[in-house]
Each structure stands twice: as C-alpha cells, then as structure tokens.
Amino acid sequence: MSDDATFEKFKSCAVEVLQVPGDKVVRDARFADDLDADSLDLVELVMALEETFDITVDEAELDGIETIGQAFDLIAAKL
Amino acid sequence: MTPPAVFTGWGSALPPTIVTNRDLEQRLDTSDAWIVERTGIQERRIGGTVADLATEAARNALQRAGTRPEDVDMLLLATTTPDETVPHTSSAVHHRLGLGGGAMDVNVACAGFVYALVAAYGSLAVGARRVLVVGADCLSRITDRDDRSTAVIFADGAAAVLIEATGGADPLHGGPGLLSHDLGIDGSAHDLLYCPHGGTLTMDGREIFRRAVRATVESATVALSRAKVAIEEIALFVPHQANLRIIEAACTRLGIPPERTAVVLDRTGNTSAASIPLALCDALGAGRITDGDLVLISGFGAGMSWASAVVRWAS
C-alpha cells in the first residue's frame with residue numbers, strides 16, 4: 001500500500017473516531033488543540049487503527065504522541 | 001443447563017454522604033468539567049462498611065420478595081474490599097439477617113457480581129431453592145484520596161438480587177433464568193490494576209480503558225452466541241459502571257443504543273462489585289425491565305477478569 005493510500009485509511013479512522021471533518025486531519029494537526037481530542041480519544045483512535053491495519057501498539061508507545069503526523073508515523077512503521 | 005429461576009427481589013444501599021465533583025475540586029487539582037468529560041461521573045457516595053451496605057441491600061431484596069431470611073439457602077457476596085481478612089464478610093451479613101444455609105465471599109474485583117450470579121445458578125442446579133446474590137464494595141477504603149486519577153472514580157455501595165428456582169420450561173426454551181454465560185481471566189495483566197495489603201489502588205487507566213472495551217465486547221459477544229440471541233433481541237444491557245466512555249465505546253461496537261443500556265455511574269461512581277446490581281436495580285426502579293425481557297450483563301475488572309451473562313427476566 002502506498003503512503004497516500006495508508007494515510008487515507010488512517011484519515012477515515014480519525015474522522016470516524018474523533019468526529020472531525022476530513023480536511024482537519026493533516027500531519028500538523030495537534031490532537032488537543034486542533035482536534036479537541038483528549039487522551040481517551042487517542043486511545044480509542046489507536047484501538048480503531050489496530051483493528052483496521054491489524055497491528056499492535058503498546059500503550060507506552062502513545063507517550064509523547066501529540067500530532068496526527070506522529071500518530072501516523074507510529075502506525076506506518078508497523079506496516 | 002441451569003434450572004428455570006425468577007428474580008423475586010432486589011434492593012440497593014448507598015452511604016448517605018454524597019461527594020460531588022465540586023467537592024473534589026476543593027482539594028484536588030481537577031475540575032467538574034474534566035471529571036464529567038473523562039468519566040461521566042457527577043457524584044459518588046462514600047462511607048459505611050461492606051457488611052452494613054450489603055446487609056441493607058439484601059434486607060431490601062428480601063422485603064421486596066416477601067421471603068423470610070431463614071428460607072434463603074445460600075448467600076453469595078461479591079466484594080473486593082471485605083471488612084476483614086478473616087472471617088469472610090458474608091458471615092456477618094448472614095448473621096445480621098438471620099439467613100438460612102451457607103454464605104461465601106466471591107472476589108473477582110469488578111467482575112465479581114456476574115461471577116457470583118453464575119455461581120448462584122450453579123447452586124440452584126445442585127439443589128438450593130433461594131440464593132441471595134449481593135455485590136458490595138467500599139473502594140474509598142483502598143483509594144488514595146489525594147490521587148486525582150482514582151479518587152474521582154472509586155466509591156462505595158451495594159445492591160442485591162434474590163433468585164428462586166421455579167418450574168416450567170428451561171431458560172433455553174423460553175423459561176426464565178440463565179441462558180448462557182462467559183467467564184474469563186488473564187492473570188498476566190496484574191500490574192494494570194492492583195492494591196497490596198494496607199495500600200491503595202494503582203491503575204493504568206489508559207491500558208485498562210483499551211482492554212475493558214475489548215473484554216466487554218468479546219465476552220458479551222460470546223455469551224450472546226452461546227444463548228443464540230442477537231444483540232437486537234436484548235431489552236437491556238447492564239455493563240459494569242467504570243467509566244461512561246468505556247460503556248459508550250463498548251455499546252458502539254456491540255451495536256446497542258443508549259436507550260437500551262443501563263447507566264448509574266453518574267450518581268454512584270465506580271463501585272466495583274456493586275456497580276452492575278446498582279445499575280440493574282436503578283433500571284428496575286425506572287420500569288425499564290419487564291417479565292420476559294432478555295438482559296445482557298457484562299463486567300470486567302482487575303485480574304484482568306471479565307464475565308458476561310444472558311438472562312431471561314421474570315419476577
């Protein structure tokens with residue numbers, strides 16, 4: 001899967017879980033400031049990504065994840 | 001297959017002291033908005049002992065049923081905070097109420113009530129006629145009141161049901177009682193939620209959240225499958241009352257709407273083994289369950305442990 005296609009799948013998860021418009025899901029978007037997402041929203045998003053991409057993300061790996069780009073890179077590195 | 005059985009009584013007991021989010025704002029670095037957004041909890045009750053609360057809840061259940069205490073054959077008290085290490089707290093409840101038969105504590109943390117309920121149906125299968133099932137906990141006793149991650153969540157309470165064997169069709173053929181259950185444990189997850197003797201609860205909230213959603217959905221799905229019941233046929237889902245966000249995430253995945261889900265944690269917080277029967281009693285008080293309804297009950301907790309059951313309600 002190309003990076004673009006992977007990002008589109010990632011984005012559709014984020015749109016569904018975080019209930020934000022797709023055009024706000026960009027690499028620089030910050031979960032707390034730009035997407036009004038708290039730590040439990042991030043956990044829910046990662047749960048959805050684990051199921052969509054059939055991967056496993058350890059809870060400790062979520063530490064320091066603050067932007068869409070950081071979350072995407074975490075997922076993409078596991079594919 | 002367990003014999004047909006009906007719920008002849010139910011009752012709850014909460015300590016009189018109400019602690020609101022505003023109260024917690026006074027002494028912790030937290031806010032009402034933060035607590036409501038993250039947990040759904042508005043207020044909780046603190047105080048009493050497990051024996052006090054369990055006795056009051058069980059007495060209410062017996063009175064509603066019109067059953068004499070000596071006619072009870074077994075008391076199963078689900079608790080993770082017994083008043084003493086020895087003896088089991090159910091012995092005090094048994095004595096105070098003047099119950100007949102035996103009594104035992106069941107400690108499976110927040111999944112304890114469902115485990116006890118399944119064991120109660122097992123007691124009926126080996127000859128008991130009436131079994132009292134109580135969930136009671138005083139989590140405030142093992143919670144660090146200065147820890148904002150746990151002090152806003154955990155609280156005290158108790159609730160009870162009385163089940164009684166009856167005649168007629170078995171539960172899988174239209175009769176009342178237990179259609180199916182699913183019980184599980186993953187002891188490797190100890191470090192996510194534990195409390196040593198004399199200490200206070202330590203919780204990895206984020207990982208508990210994730211595992212709780214999955215355990216609830218998977219266990220409930222197994223129980224439904226064993227009962228050959230579709231989620232659409234469930235009149236009321238009664239989940240463990242840990243956190244509204246967990247309940248909402250589990251309900252979305254199970255495909256059951258809020259109007260068919262019991263929630264009481266906004267008023268009680270997380271009362272561990274008491275949370276499911278408190279939610280059940282609240283729903284019964286509001287007339288949300290009628291005879292013949294299929295009810296799905298699902299709990300998860302420290303261990304990690306999980307438990308689900310499908311029952312056909314009849315009173």
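Residues numbered from 1 in each chain as written. Chains lettered and ligands numbered in written order. Predicted model: local features only at pLDDT ≥ 70, side-chain atom pairs only at ≥ 80, totals over all residues. Heavy atoms only, no water.

Peer 1: Please explain the interface of chain A and chain B as it appears in this structure.
Peer 2: Reports often express the size of an interface as the amount of accessible area lost when the parts come together. Facing 16 residues of chain A, the contacting portion of chain B comprises 13 residues. Three residues stand out in chain A for area buried against chain B, namely Leu-40, Met-47 and Glu-59 of chain A, and they jointly supply 44% of the buried area on that side. Between chain A and chain B we count eight salt bridges in total. A salt bridge links Glu-51 of chain A to Arg-214 of chain B, with the shortest nitrogen-to-oxygen separation between them at 3.1 Å. On inspection of chain A and its partner chain B, the count reaches ten residue pairs in polar contact (both at pLDDT 80 or more). Of the residues belonging to the side of chain A that touches chain B, the class tally is seven nonpolar, one polar and eight charged. (Contact = heavy atoms within 4.5 Å. Buried area = accessible area lost by both parts, 1.4 Å probe. Salt bridge = Lys/Arg side-chain N within 4 Å of Asp/Glu carboxyl O. Polar contact = N/O pair within 3.5 Å; in protein donor to acceptor, adjacent residues only side chain to side chain. Nonpolar A, V, L, I, M, F, W, Y, C, P; charged D, E, K, R; others polar.)

Peer 1: What is the right way to read the layout of surface pockets from this model?
Peer 2: With a probe scaled to a water molecule rolled over the atoms, the places where space remains empty come into view. Here the largest pocket defines a volume of roughly 780 Å³. Every residue lining the largest pocket is counted, 31 residues in all, and those nearest its centre are Thr-80, Thr-81, Asn-107, Ile-142 and Cys-195 of chain B. Taken together, the residues of the lining of the largest pocket sort by class into 14 nonpolar, 13 polar and four charged. Its boundaries defined by the atoms lining it, the second largest pocket holds a volume of some 590 Å³. Forming the boundary of the second largest pocket are 21 residues, of which Glu-16, Val-17, Leu-18, Asp-41 and Glu-44 of chain A lie nearest the centre. Among the secondary structure elements, those contributing two or more residues to the lining of the second largest pocket are α1 (3-18) and α3 (39-53) of chain A together with α2 (32-39) and α8 (244-254) of chain B. Of the residues assigned to the lining of the second largest pocket, the class counts are seven nonpolar, three polar and eleven charged. (1 Å grid on protein atoms, 1.4 Å probe; cavity = no way out; pocket = protein on both sides within 12 Å on 5 of 7 lines; lining within 4 Å. Points joined across faces, edges and corners; volume = space filled by probe spheres on them. Helix = DSSP H or I, 4+ residues; strand = E, 2+ residues; numbered from the N terminus.)

Peer 1: Help me out: how do you make sense of empty space enclosed by the protein in this one?
Peer 2: Residue and element names in this part refer to chain B. This model, assessed by the stated rule, comprises one cavity of 30 Å³ or more. Considered as a void within the structure, the largest cavity measures approximately 30 Å³ in volume. Every residue lining the largest cavity is listed: Thr-216, Pro-239, His-240, Ile-246, Ile-247, Ala-250, Ser-298 and Phe-300. Sorting the residues of the lining of the largest cavity by element identifies α8 and β12 (294-301) as the ones contributing at least two each. Of all the elements, α8 adds the most residues to the lining of the largest cavity, at three residues. Partitioned by chemical class, the residues of the lining of the largest cavity number five nonpolar, three polar and no charged.

Peer 1: Help me understand the packing of aromatic side chains in this model?
Peer 2: Two aromatic rings, taken as a pair, are described by how far apart their centres are and by the angle between their planes. All names here are of chain A. Using the criterion set out here, one finds five aromatic pairs over all chains in the structure. Between the aromatic rings of Phe-7 and Phe-72, the centroid separation amounts to 5.1 Å while the plane-to-plane angle is 70°, which identifies the pairing as edge-to-face. Residue Phe-7 is located in helix α1, and its partner Phe-72 is located in helix α4 (residues 68-76); the two are separated by 65 residues in the primary sequence. Grouping residues by exposure puts Phe-7 and Phe-72 together as buried. Ring geometry for Phe-10 and Phe-72: centres 5.4 Å apart, planes at 90°, overall edge-to-face. Here Phe-10, found in helix α1, pairs with Phe-72, found in helix α4; they are 62 residues apart in sequence, far enough to count as distant. Phe-72 carries the same exposure label as Phe-10, and that label is buried. Put simply, the rings of Phe-7, Phe-10 and Phe-72 pair up and form one aromatic cluster. (Phe/Tyr/Trp six-rings, centres within 6.5 Å; stacked < 30°, edge-to-face > 60°. Buried < 20%, exposed > 50% of the residue type's maximum accessible area, 1.4 Å probe, protein only.)

Peer 1: Whenever I open this one, the packing of helix α7 (residues 205-227) of chain B against α8 of chain B confuses me. Can you help?
Peer 2: When two helices pack together, their arrangement is given by the angle between their axes and by how far apart the axes lie. Residues and elements named next belong to chain B. At a minimum axis distance of 9 Å, the contact between α7 and α8 shows a crossing angle of 40°. Between α7 and α8, the interaxial angle falls into the category oblique. For the crossing formed where α7 meets α8, the hand is right-handed. In contact with Phe-209, Ala-212, Val-213, Thr-216, Val-217, Ala-220 and Thr-221 of α7, α8 contributes Arg-245, Ile-246, Ala-249, Ala-250, Arg-253 and Leu-254. Looking at the contact of α7 with α8, its residues break down into nine nonpolar, two polar and two charged. (Axes fitted to C-alpha atoms, helices over the stretch in contact; angles between N-to-C directions. Parallel < 35°, antiparallel > 145°, perpendicular 65-115°, else oblique. Left-handed = near helix turned anticlockwise from the far one by under 90°.)

Peer 1: Looking at this structure, I do not really get the confidence of the model for chain A. What am I missing?
Peer 2: It should be kept in mind that the predicted coordinates are not to be read in detail where pLDDT is low. Looking at chain A as a whole, the pLDDT averages 91, with 99% of positions reaching at least 70. Element-level mean pLDDT values for chain A span from 90 in α3 of chain A up to 95 in α4 of chain A. (pLDDT = per-residue confidence, 0-100.)

Peer 1: Looking at this structure, how should I read the nonpolar core?
Peer 2: One broad rule of soluble globular proteins: the nonpolar side chains tend to lie buried together. The biggest cluster of nonpolar side chains holds 72 residues, and the ones touching the most others in it are Phe-10 and Phe-31 of chain A together with Ile-234 and Val-310 of chain B. Mapped by element, the contributors of at least two residues to this core are α1, α3 and α4 of chain A together with α7, α8 and β12 of chain B. Setting aside residues no more than four positions away along its own chain, Ile-234 of chain B makes contact with Leu-224, Val-229, Ile-256, Arg-260, Leu-294, Val-295, Leu-296 and Val-310 of chain B. Leu-76, Val-108, Ala-116 and Val-295 of chain B belong to the second largest nonpolar core, which has 44 residues in total. (Core = buried A, V, L, I, M, F, W, Y, C linked by side-chain atoms within 4.5 Å.)

Peer 1: Even after reading the chapter, I still don't get the pattern of salt bridges, so can you show me in this structure?
Peer 2: Oppositely charged side chains can form a pair if their charged atoms are brought close together. A complete count under the given rule lists 28 salt bridges over all chains for this structure. For the salt bridge of Arg-206 of chain B with Asp-63 of chain A, the shortest nitrogen-to-oxygen distance reads 2.7 Å. Placement of Arg-206 of chain B in helix α7 and of Asp-63 of chain A in the loop between α3 and α4 is noted, with the two residues assigned to different chains. Its relative accessible area of 52% is what places Asp-63 of chain A among the exposed residues. Across the pair Arg-22 of chain B and Asp-32 of chain B runs a salt bridge whose closest N-O atoms are separated by 3.9 Å. Of the two residues, Arg-22 of chain B is situated in helix α1 (residues 21-27) and Asp-32 of chain B in helix α2; the sequence distance between them amounts to ten residues. What emerges from the salt-bridge pattern is a single network uniting Glu-50 and Glu-51 of chain A together with Asp-186, Glu-207, Arg-210, Arg-211, Arg-214 and Arg-253 of chain B.

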